[in-house]
Amino acid sequence: MKINENTVVGLTYELKVTNEASEDPPFSVEVRDESDPFYFLFGNSGLPEAFEKKLKEKTIGDAFQFVLEVAEAYGKPDDELIVSVPKAQFNTERGFQEEMLQEGNFLPLVDEDGYPMQAKIVKDLGEELLLDFNHPLTGMNLHFEGEVFEVREATDKERDEGFMI
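Since the structure is predicted, the reported quantities are computational estimates derived from the model, not experimental observations.

Caption draft 1: Expanded view of the sheet that holds strand β8 (residues 128–132). Taken together, the four strands give an open sheet; going across it, the order is β5-β8-β7-β6, and neighbouring strands pair in antiparallel fashion. Two strands close off the open sheet at either side, each with one partner strand: β5 (82–86) and β6 (106–110). Averaged over all pairs of adjacent strands, the angle between strand axes in this sheet comes to 45°, irrespective of strand direction. Here strand β7 (residues 116–124) runs beside β8; their pairing, made up of four bridges, is antiparallel.

This is the structure:
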């Protein structure tokens, strides 16, 4: 079976990144192997369109190697997604511990529609935290090398509700 719309795809890969203007060699940020493959619903994954386009029509066992430049990956950082939020909102009643509120940490959050999201703590401003809601890979070139681990037709439920593993 080939990767196309409404197929569930499993991949093993190594993801390396470089900054947009960097001359440095790519550095590894994620490895997904046979014990923990990455799965997504092709055509409805929320992943960059160019990522899916590079994998379309591949089958189980096919190797892949490609680079997504910043513009075709997660784009450049958006300054409007860096905001100050009162530190009081991150209290123990809401499940936050003091050690979670350190600069550089990612906070697990939920948007107004109940979808999970995260924000990186850029700076502790005393009464407020400066949070960055940009995708963690914003501003990065993404270097993928891997293999197609699994391809199968999505179930009706997966197509209707989105694939969840």
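Structure's up, so let's keep going.
Caption draft 2: A look at the pattern of salt bridges. Counted under the stated rule, the structure contains eight salt bridges. We note a salt bridge from R32 to E30, for which the minimum N-O separation is 3.5 Å. Here the salt bridges share partners, and the residues they tie into one network are E30, R32 and D36.

Caption draft 3: How the structure looks around the packing of aromatic side chains. Inspection of every chain in the model, using the stated rule, returns nine aromatic pairs. Judged by centre distance (5.7 Å) and plane angle (35°), the ring pair of F64 and F66 falls under tilted. In this pair, the class of F64 matches that of F66, namely buried. A connected cluster of aromatic rings, assembled from ring pairs, spans Y13, F38, F40, F51, F64, F66 and F144.

Caption draft 4: Spotlight on the environment of K58. Inspection of the secondary structure puts K58 in the loop between α1 (49–55) and β4 (63–68). Residues K58 and N4, spaced 54 residues apart in sequence, show a C-alpha to C-alpha distance of 8.6 Å. Among residues more than four places away in sequence, those in contact with K58 are M1, K2, I3, A63, F64, V148 and V151.

Caption draft 5: Structural context of the side chain of T138. Among the structural elements, T138 can be located in the loop between β8 and β9 (140–153). Residue classification places T138 among the buried positions, given a relative accessible area of 13%. One polar contact links the side chain of T138 to the main-chain carbonyl oxygen of H135, over a distance of 2.8 Å. When sequence neighbours within four positions are dropped, the list of residues in contact with T138 reads Y74, G75, K76 and P77.

Caption draft 6: Local environment of the nonpolar core. Ranked by size, the top nonpolar core spans 22 residues in total, and within it L11, L142 and F144 carry the most contacts. Counting residues per element, the ones that place at least two in this core are β1 (7–19), β3 (38–41), α1, β4 and β9. One finds L101, L107, L109 and L129 within the second-largest nonpolar core, a separate group that totals ten residues.

Conventions and cut-offs
Residues numbered from 1 in each chain as written. Predicted model: local features only at pLDDT ≥ 70, side-chain atom pairs only at ≥ 80, totals over all residues. Heavy atoms only, no water. Pairing = 2+ DSSP bridges. Helix = DSSP H or I, 4+ residues; strand = E, 2+ residues; numbered from the N terminus. Axes fitted to C-alpha atoms, helices over the stretch in contact; angles between N-to-C directions. Salt bridge = Lys/Arg side-chain N within 4 Å of Asp/Glu carboxyl O. Phe/Tyr/Trp six-rings, centres within 6.5 Å; stacked < 30°, edge-to-face > 60°. Buried < 20%, exposed > 50% of the residue type's maximum accessible area, 1.4 Å probe, protein only. Contact = heavy atoms within 4.5 Å. Polar contact = N/O pair within 3.5 Å; in protein donor to acceptor, adjacent residues only side chain to side chain. Core = buried A, V, L, I, M, F, W, Y, C linked by side-chain atoms within 4.5 Å.

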